[in-house]
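Take a look at the letters that make up each chain.
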Amino acid sequence: MVDTSLYAAFLIAAFALCITPGPDMMFIVAMGGRGGPLTGVTAAFGVACAMFVHSVAAALGLSALFLTLPALYHVLRWAGAAYLLYLAVKAFRSGAAPVAADGTADAGRRRAFWRGAVTNLLNPKVILFNVSFLPQFVNPELGHVREQFLVLGVTITLMGLLVDGSVGLLSGKLSALLRSSRRVARGLDIFSGTVFAGLAVRLAAAPK
């Protein structure tokens, strides 16, 4: 179904992209820093699910709409920036409570999943990335173009989950050790808020 030589090149390129620090990784570090190891991993899972949705959209040709409808791109860009800014305000206003170990923690992890998914889904740069990156490794002569897109999408999703999940786990473990100090806990919340705010500015200011 896929061109083996193209797929080998895709694995190398995808791995290089996954281990390069970017907005998603910074977001996951911030989430792990606020909520602990499981929260960081859950946020990474949310991002991975959104990445798969983007891959399916690219396979169906839906992502190409952003190349022909610039207004749609800007609407999504500002919506994503506003959501990140909302997360920044929530972090800055946090009471810096220790990481919970009951139902509250479960609710926090659910929020982490959806925040990771929504943040990624509302990033038009990710959509344009899939439109420009994935087709380079699809061989139309083999047929089954959509299936090739899906194979590539599943591959980069799982690779990203492995890398980002590890980052979320490590950042969460480090924060869990540091949060015994209320002052340090507050500092971690400020760090997370700063990351979210920086990502919001980056997304809002980014040219198409």
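Data block above holds the structure.
Undergrad: Give me the overall build of the protein chain: which residues, what numbers.
TA: Of the regular secondary structure elements, the protein chain holds nine helices and zero strands. Overall, the protein chain shows an N-to-C arrangement of helices and strands of α-α-α-α-α-α-α-α-α. Buried positions account for 45% of the 208 residues belonging to the protein chain. Sequence-distant contacts, at least 24 apart, represent 86% of the contacts inside the protein chain between residues at least 6 apart. In the structure as shown, the protein chain presents an accessible area of about 10400 Å², 72% of it carried by carbon and sulfur atoms.

Undergrad: I'd love a proper account of a positive patch on the surface, names of residues and values included.
TA: Where like charges cluster on the molecular surface, the positive patch consists of Lys-90, Arg-93, Arg-110 and Arg-111. Tracing the chain through its elements places Arg-110 in helix α6 (residues 103–121).

Undergrad: Outline unusual backbone geometry, listing residues and values.
TA: At His-144, a residue that is not glycine, the phi angle is positive and equals roughly 50 degrees. Inspection of the secondary structure assignment puts His-144 in the loop between α7 (124–133) and α8 (145–178).

Undergrad: Explain the environment of Thr-155 to me, using residue names and the numbers behind them.
TA: As for its placement among the helices and strands, Thr-155 is situated in helix α8. When the C-alpha atoms of Thr-155 and Leu-11 are compared, they prove to be 8.1 Å apart, with 144 residues separating the residues in sequence. With near-sequence residues (within four places) excluded, Thr-155 lies in contact with Tyr-7, Phe-10 and Leu-11.

Undergrad: Break down the nonpolar core for me, citing the residues and quoting the values.
TA: Membership of the largest hydrophobic core comes to 23 residues, with the highest contact counts inside it found for Phe-27, Ile-28, Met-31, Ala-43, Leu-84 and Phe-196. Broken down by secondary-structure element, the contributors of at least two residues to this core are α2 (23–35), α3 (37–60), α5 (70–92), α7 and α9 (182–205). Counting 15 residues, the second-largest nonpolar core is a separate cluster that includes Ala-59, Ile-156, Met-159 and Val-163.

Undergrad: Report on the packing of α5 against α7, specifying residues and quantitative values.
TA: Here α5 crosses α7 at 135 degrees, and the two axes come no closer than 8 Å. Taken as axis vectors, α5 and α7 run oblique relative to one another. Judged by residue contacts, Tyr-73, Leu-76 and Arg-77 of α5 engage Pro-124, Lys-125, Ile-127 and Leu-128 from α7. Among the residues making up the contact of α5 with α7, the classes are represented as five nonpolar, no polar and two charged.

Undergrad: Go over the packing of aromatic side chains with me, naming the residues and quoting the values.
TA: One pass over the full model with this rule turns up nine aromatic pairs. Taking 5.8 Å as the distance between ring centres and 40 degrees as the angle between the ring planes, the aromatic pair formed by Phe-10 and Phe-133 counts as tilted. Taken as a pair, Phe-10 in helix α1 (residues 4–19) and Phe-133 in helix α7 lie far apart in primary sequence, 123 residues in all. Its relative accessible area of 0% is what places Phe-10 among the buried residues. By way of ring pairs, the aromatic residues Tyr-7, Phe-10, Phe-129, Phe-133 and Phe-137 are connected into one cluster.

Rules used in this analysis
Residues numbered from 1 in each chain as written. Predicted model: local features only at pLDDT ≥ 70, side-chain atom pairs only at ≥ 80, totals over all residues. Heavy atoms only, no water. Helix = DSSP H or I, 4+ residues; strand = E, 2+ residues; numbered from the N terminus. Buried < 20%, exposed > 50% of the residue type's maximum accessible area, 1.4 Å probe, protein only. Contact = heavy atoms within 4.5 Å. Areas by Shrake-Rupley, 256 points an atom, 1.4 Å probe, with all protein chains shown as cover. Patch = residues over 30% accessible without salt bridge, like charges linked within 9 Å, V, L, I, M, F, W, Y side chains within 5 Å. Salt bridge = Lys/Arg side-chain N within 4 Å of Asp/Glu carboxyl O. Lys, Arg positive; Asp, Glu negative; His and termini not counted. Charge placed at Lys NZ, Arg CZ, Asp CG, Glu CD. Core = buried A, V, L, I, M, F, W, Y, C linked by side-chain atoms within 4.5 Å. Axes fitted to C-alpha atoms, helices over the stretch in contact; angles between N-to-C directions. Parallel < 35°, antiparallel > 145°, perpendicular 65-115°, else oblique. Nonpolar A, V, L, I, M, F, W, Y, C, P; charged D, E, K, R; others polar. Phe/Tyr/Trp six-rings, centres within 6.5 Å; stacked < 30°, edge-to-face > 60°.

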